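Letter by letter, the chains look like this.
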Amino acid sequence: LVSWMPSGVDFTLDIRACPSVRHYVLVGPADSATCGDGWATWGKVPKIGCARCGYEGCERCDYGLDESTAKPFVRDGWSRTECKHVHD
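So, a few notes on the structure that sits alongside this text.

1. Section: the overall build of the chain
In terms of helices and strands, the chain carries three helices and two strands. Classification of the 88 residues of the chain by burial places 27% in the buried group. Relative to all contacts within the chain whose residues are 6 or more apart in sequence, the contacts with residues 24 or more apart total 51%. About 6,300 Å² of surface is accessible on the chain, with carbon and sulfur atoms providing 54% of the total.

2. Some points on the pattern of salt bridges
Tallying each qualifying case throughout the model produces four salt bridges. A salt bridge links D31 to R80; its shortest N-O distance comes to 2.8 Å. Placement of D31 in the loop between β2 (26-27) and α2 (59-63) and of R80 in the segment after α3 (72-75) is noted, with a sequence separation of 49 residues between them. Judged by relative accessible area, which is 31%, R80 ranks as partly exposed. Salt-bridge contacts for D76 lead to R75; the nearest nitrogen and oxygen are separated by 3.5 Å.

About the thresholds
Residues numbered from 1 in each chain as written. Predicted model: local features only at pLDDT ≥ 70, side-chain atom pairs only at ≥ 80, totals over all residues. Heavy atoms only, no water. Helix = DSSP H or I, 4+ residues; strand = E, 2+ residues; numbered from the N terminus. Buried < 20%, exposed > 50% of the residue type's maximum accessible area, 1.4 Å probe, protein only. Contact = heavy atoms within 4.5 Å. Areas by Shrake-Rupley, 256 points an atom, 1.4 Å probe, with all protein chains shown as cover. Salt bridge = Lys/Arg side-chain N within 4 Å of Asp/Glu carboxyl O.

Here you go:
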């Protein structure tokens, strides 16, 4: 169980690498860097925005990502299931 990872910090790579872990639960807002890292934690490709794209500071280009890039958890053999019955 991971509750409210610091913004921009991802613990899930280490969690997924642990052989004894079969499931993990992330608590906090999904799909953003508010809790964890948008890409590394949630597999959310950042919006376009850099000099190459026409905007500065584009994380998408910094990471070398596009929509076809495998999400980190998928690449590591994991899947994602949202608990829709859990709410604020």
